[in-house]
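Overview (structure and organization)
One-letter residues, chain by chain:
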Amino acid sequence: MEYTNIKAVIVKENKYNEKDKMLTAITDCMGKISISAKGVSGINSKLSGGIAINSVSEIDLRESGNDIFILTSAKKIISFDNLLKDLEAASYVNYLTSLAADLFLPEEPFPALFKLLVNTIYLIDSKKKDYELLKAVFELRAMAISGYAIDLSSCGFCGKEEIKGINLFEGAGLCSECFESYGGEEISKDISLAINHI
């Protein structure tokens, strides 16, 4: 079976002989997949210009029958050139793609997380925001859309609406009394509002 016009971010590559690579990609419509890129390291390869770590490519694939797809065509559609010049930015993006790869299930589409990842890489590459802020927003948003959101609308133990802290083990907010009883990480009202907004 053939798959065409798949948007993909290559998050990992391993050379397994002189000219071939094994790729791990996060895609817009197929989730996390493994791809065999035969001949991609060769001098005359038409595929090599179309794939690069942490860039967005449009790829065509053929099924191989063993949970690995064969790369038949690749075209880079978004290249994040500043990542090649800025080691700090590249480090943040590598962390984010690693986190996203852990949240994606094999061959399970997750378009909301794919879009969040590409948009965050774009913002880091364009240096529009503080990297640490973008990382924090990505982590919170990715956890929320993956079903791991921290609920700060009320105390997770007694239901009071006033929040003083977070119990990270339970993923719940704590009122003053429960904070004293159970412990946790204290947060300001501004941080609570920001987390609920994200």
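As the structure is a computational prediction, the values presented were derived from the model and not from experiment. (Residues numbered from 1 in each chain as written. Predicted model: local features only at pLDDT ≥ 70, side-chain atom pairs only at ≥ 80, totals over all residues. Heavy atoms only, no water.)

**What about the nonpolar core?**
In a soluble, globular protein the nonpolar side chains are often hidden away together inside. Going by this rule: Note on terminology: a nonpolar core comprises buried Ala, Val, Leu, Ile, Met, Phe, Trp, Tyr and Cys residues joined through side-chain atoms within 4.5 Å. Think of it in three bands: with a 1.4 Å probe and only protein chains considered, a residue is buried below 20% of the maximum accessible area for its type, exposed above 50%, and partly exposed in between. Under the DSSP-based scheme used, a helix requires at least four consecutive residues in state H or I and a strand at least two consecutive residues in state E, with every element numbered from the N terminus. In what follows, residue pairs with any heavy atoms lying within 4.5 Å of each other are defined as contacts.
If you look at the biggest cluster of nonpolar residues, it comprises 27 residues, and the most contacted ones within it are Ile26, Leu83, Leu113, Leu117, Ile124 and Phe138. Of all elements in the fold, only β1 (2-15), α2 (87-103), α3 (111-125) and α4 (131-145) reach the threshold of two or more residues within this core. Here the element with the most residues in this core is α2; it accounts for eight residues. If we skip the residues at most four places from it in the chain, Phe138 touches Leu96, Leu99, Ala100, Leu113, Leu116, Leu117 and Thr120.

**Some words on the packing of aromatic side chains**
Using the following cut-off: For Phe, Tyr and Trp, rings pair up if their centres lie within 6.5 Å, where Trp contributes its six-membered ring, and each pair is then called stacked (planes under 30 degrees apart), edge-to-face (over 60) or tilted (otherwise).
Scanning all chains against the criterion turns up four aromatic pairs. Between Tyr3 and Phe69, the ring centres sit 5.6 Å apart and the planes meet at 85°, which makes this aromatic pair edge-to-face. A residue pair is termed long-range when its members are at least 10 positions apart, and Tyr3 in strand β1 and Phe69 in strand β5 (residues 68-78) qualify at 66 residues.

**Details of the sheet that holds β1**
Put simply, the rule is: In this scheme, strands are said to pair when DSSP sees at least two bridges between them. Angles shown run from 0 to 180 degrees and are taken between the N-to-C directions of axes, each axis being a line fitted to C-alpha atoms and, for helices, limited to the stretch in contact.
Pairing within the closed barrel is mixed, and its five strands lie in the order β1-β2-β3-β5-β4. Ignoring strand direction, the axes of neighbouring strands in this sheet form an average angle of 55°. Two elements, strand β2 (residues 21-27) and strand β3 (residues 32-37), share six bridges in a ladder whose sense is antiparallel. When the bridges of β3 are listed, Ala25 appears paired with Ile33. Where α2 meets the sheet, it contacts β1, β2 and β3, and its direction lies at approximately 80° from that of β2. Contacting β1, β2, β4 (56-63) and β5, α3 crosses the sheet at an angle of about 60° to β1.

**Here's the deal with the packing of α2 against α4**
Condition: Note that the term roughly parallel is reserved for angles under 35 degrees, roughly antiparallel for angles over 145, roughly perpendicular for angles of 65 to 115, and oblique for everything else. The residue classification treats Ala, Val, Leu, Ile, Met, Phe, Trp, Tyr, Cys and Pro as nonpolar and Asp, Glu, Lys and Arg as charged. All others, Gly included, are polar.
As a packed pair, α2 and α4 sit with axes 11 Å apart at the nearest point and diverge in direction by 5°. One finds that α2 runs roughly parallel with respect to α4. Only Tyr131, Glu132, Lys135, Phe138, Glu139, Ala142 and Met143 of α4 make contact with α2, whose side of the interface consists of Glu88, Ala89, Tyr92, Tyr95, Leu96, Leu99, Ala100 and Leu103. Of the residues that constitute the contact of α2 with α4, the class distribution is 11 nonpolar, no polar and four charged.

**A word on the sheet that holds strand β7 (residues 165-167)**
One open sheet accounts for four strands, arranged β6-β8-β7-β9; its pairing is mixed. The sheet is open, and its two borders are formed by β6 (151-155) and β9 (185-186), each paired with just one other strand.

**Quick look at the pattern of salt bridges**
Heads up, the condition is: The term salt bridge refers to a pairing of a side-chain nitrogen on Lys or Arg with a carboxyl oxygen on Asp or Glu at a separation within 4 Å.
Within the structure shown, the criterion is met by eight salt bridges. Across the pair Lys127 and Asp86 runs a salt bridge, and its minimum N-O distance is 3.6 Å. One end of the pair, Lys127, is in the loop between α3 and α4; the other, Asp86, is in the loop between α1 (82-85) and α2, and 41 residues separate them in sequence. Close ionic contact of Glu132 with Lys135 constitutes a salt bridge, the shortest N to O distance being 3.5 Å. One end of the pair is Glu132 and the other is Lys135, both in helix α4 and three residues apart, which spans about a single turn. Overall, the relative accessible area of 40% leaves Glu132 in the partly exposed class.

**Considering the state of the cysteines**
Applicable threshold: Cysteine sulfur atoms that pair up within 2.5 Å are treated as a disulfide.
Counting across every chain of the model gives zero disulfides. Its sulfur unpaired, Cys175 is 3.5 Å from the next cysteine sulfur, which belongs to Cys158.

**Focus on unusual backbone geometry**
The phi dihedral of Asn54 falls on the positive side, at around 60°, and the residue is not glycine. By secondary structure assignment, the location of Asn54 is in the loop between β3 and β4. Although it is not a glycine, Asp67 adopts a positive phi angle of roughly 65°. Mapped onto the elements of the fold, Asp67 is located in the loop between β4 and β5.

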